[in-house]
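What follows is each chain in one-letter form.
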Amino acid sequence: MRSPRAPLPRRSLPSLPSLRSLRAPRSPRRRFGAFAVALACAAASLLPAAGPAAAAAPPPVAGALSAYDIGAVYTAGVSSGGYMATQLHVAYSGAVAGSAVFASGPYDCARGSLPTALNACMDTVQGLSVAALEQATRDRAAQGQVDPVENLAGDPVYVFGGSNDTTVKRPVVDALADYYGRFGARVRYDRSTAAGHSWVTPLGPNSCAVTASPYLNDCGTDAEGALLGHLLGAVAPPGSGTGGTLVRFDQDAYAPGGSAAALSMGREGFAYVPASCAAGARCSLLVALHGCKQGYAYQGFGTRFVENAYLNEYADTNGLVVLYPQAAPTSTPENPNGCWNWWGYLGDTAYARHGGKQIEAVMGMVRALGGGGGTGTPPSDGRTVLAATDAETGYVKAAADGSGPAVGTLKGLYGLALGRGADGRTNRTVVSFDTSRIPAGKEVTRAWLTVTWSSGSGDPWSSPTGNRLLADVRTGCFGGCAVEAADFSAAPTVAGGAEIGAFASGSAVSTDLSPAALAALNRGGTTQFRLGFAQAQAGTAYLFVNQGTPVTLTVEYR
């Protein structure tokens, strides 16, 4: 088991414009909101020519996401939102056809480490090996943790880096362009302006070189026309951005576990839907991701990014639905500035791949809008959270070849065992649910498991390298419903119906159950799951889960 991460600094990762306030030894108490770098940049800036006047955006209308005729999905973002845009593109390249990124670096640059995020992925104090990041991506694809990297070949990617951005320095943005090029993406790199750390838009209130709230800068250029032209091909001139509907929807409906706040996401998200798309025209979908301190819930920031990103104007005239998911600050030190998760906060070690909590939440929104390769479904109208039946839940152990199985006896002391114990035996866990409690007459659209870390030793996911913790599904029970030795090798109805990524603390959410696994849920009685690693560990490497708390199965339906 991986050792738990060292405690984060008192205020955790700052908003990107205040990196130096975190590191400077001469002012250890300096607040993350300081903007010395921004002031220096502002002194050197020149006001650009006046851009278009901001039109009155339509007021948000409360509603739910609906499915449209979506032909292609793209992502775009700035700063932490740029990192998230790349994570979505790489993890789900089978569904996402390209990306546009302002002021951020290559995929999974942080590699789960806050110091690396600060020193290699924003500054250049620590070396950044693009070759190593490329290989790590290829390894993840080989293990099924991200979509095949071959999907990236030919994808349009727009990269923007300003010469006055001292928050995410130019070599880091260079590395992003290099990274995508290694997979054959069609990269357009705009490094021609003196922009500070910002989303560059003709509607920005800041002059070009400034790094300061609201991080929306006018550089006298139309970066949105450039990025959309690269993603979509030739685009029509922008309209007013008022001809569609701005939908305000509940992000809890898409958050694994049902709570957006638990993922450092806001309760409210937004989607701009042009009238043509609502009327049934074939449209594209752009997922637009704000940066730190730009979320709706951050200190009254509201919809300034939604209104001034200069995307709704192009949406009206180019058949483009724009989804604006919202990150939110935590009340604890993990993420006080409402950044998107690109370094693994709140214990989400799967943050950059399939199963990453924010990634899965956003992809749920994409599917609800009809994106994701046409596999989207409208949002569920109900949810049931089932706790495992304690009397029918336990663990079994056997030799690596399955011989000599026996029921484990330490459930009451340590929880449910997984991996190879100190006795050299391999452990698998059986959990049982009364799935007859799913309301009758409802179509199940989505389901996932949640487990909680109790203790462990070593890292069973890396023994051997790339090991996977899979959940087999059995309609009914593997044998008798009480846990028995034969459950170790009993045939499942669906093998590998879900996967749980590596974690070393807190709770972990599985990937969504596969369609076959959803179909295997026993609507008339019990469904059992068997959790176990795909390969036997070479040495002692195990974890215990759910000591004193039940495993849960969350089921959504309509």
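Scroll up to find the structure this text is about.
Residues numbered from 1 in each chain as written. Predicted model: local features only at pLDDT ≥ 70, side-chain atom pairs only at ≥ 80, totals over all residues. Heavy atoms only, no water.

K.L.:
I'd like a rundown of the packing of helix α5 (residues 130-142) against helix α6 (residues 170-181), residues and numbers included.
P.N.:
Running from N to C, α5 and α6 point in directions that differ by 45°, and their axes come no closer than 10 Å. By the criterion of interaxial angle, the relationship of α5 to α6 is oblique. Crossing of α5 against α6: the hand is right-handed. Residues V130, L133, E134 and T137 of α5 touch α6, and the partners they reach there are A175, D178 and Y179. When its residues are assigned to classes, the contact of α5 with α6 shows 4 nonpolar, 1 polar and 2 charged. (Axes fitted to C-alpha atoms, helices over the stretch in contact; angles between N-to-C directions. Helix = DSSP H or I, 4+ residues; strand = E, 2+ residues; numbered from the N terminus. Parallel < 35°, antiparallel > 145°, perpendicular 65-115°, else oblique. Left-handed = near helix turned anticlockwise from the far one by under 90°. Contact = heavy atoms within 4.5 Å. Nonpolar A, V, L, I, M, F, W, Y, C, P; charged D, E, K, R; others polar.)

K.L.:
Could you give an account of the pattern of salt bridges, naming the residues involved and the relevant values?
P.N.:
Two side chains carrying opposite charge are able to pair once their charged atoms lie near each other. A full pass over the atoms with the stated rule returns 17 salt bridges. Of the charged contacts in the structure, one is a salt bridge between D174 and R191, with a shortest N-O distance of 3.0 Å. Separated by 17 residues along the polypeptide, D174 in helix α6 and R191 in the loop between β5 (186-190) and β6 (199-200) bring together distant segments of the chain. Across the pair D390 and K411 runs a salt bridge whose closest N-O atoms are separated by 3.1 Å. Of this pair, D390 sits in the loop between β13 (382-387) and β14 (394-398) while K411 is found in helix α12 (residues 411-414), placing the two residues 21 residues apart along the sequence. Among the residues examined, D390 registers a relative accessible area of 56% and is labelled exposed. Each of E134, R138, D178 and R182 takes part in a single network of salt bridges with overlapping partners. (Salt bridge = Lys/Arg side-chain N within 4 Å of Asp/Glu carboxyl O. Buried < 20%, exposed > 50% of the residue type's maximum accessible area, 1.4 Å probe, protein only.)

K.L.:
Report on the state of the cysteines, specifying residues and quantitative values.
P.N.:
Inspection of every chain in the model, using the stated rule, returns 5 disulfides. A sulfur-sulfur distance of 1.8 Å marks the disulfide that ties C477 to C481. Taking the sign of the S-S torsion, about 80° here, the bridge from C477 to C481 comes out right-handed. The disulfide pattern of the protein chain is 1-2, 3-4, 5-6, 7-8, 9-10 when the bonded cysteines are numbered in sequence order. (Disulfide = S-S within 2.5 Å.)

The quantities given are spatial measurements derived from coordinates; they are silent on function.
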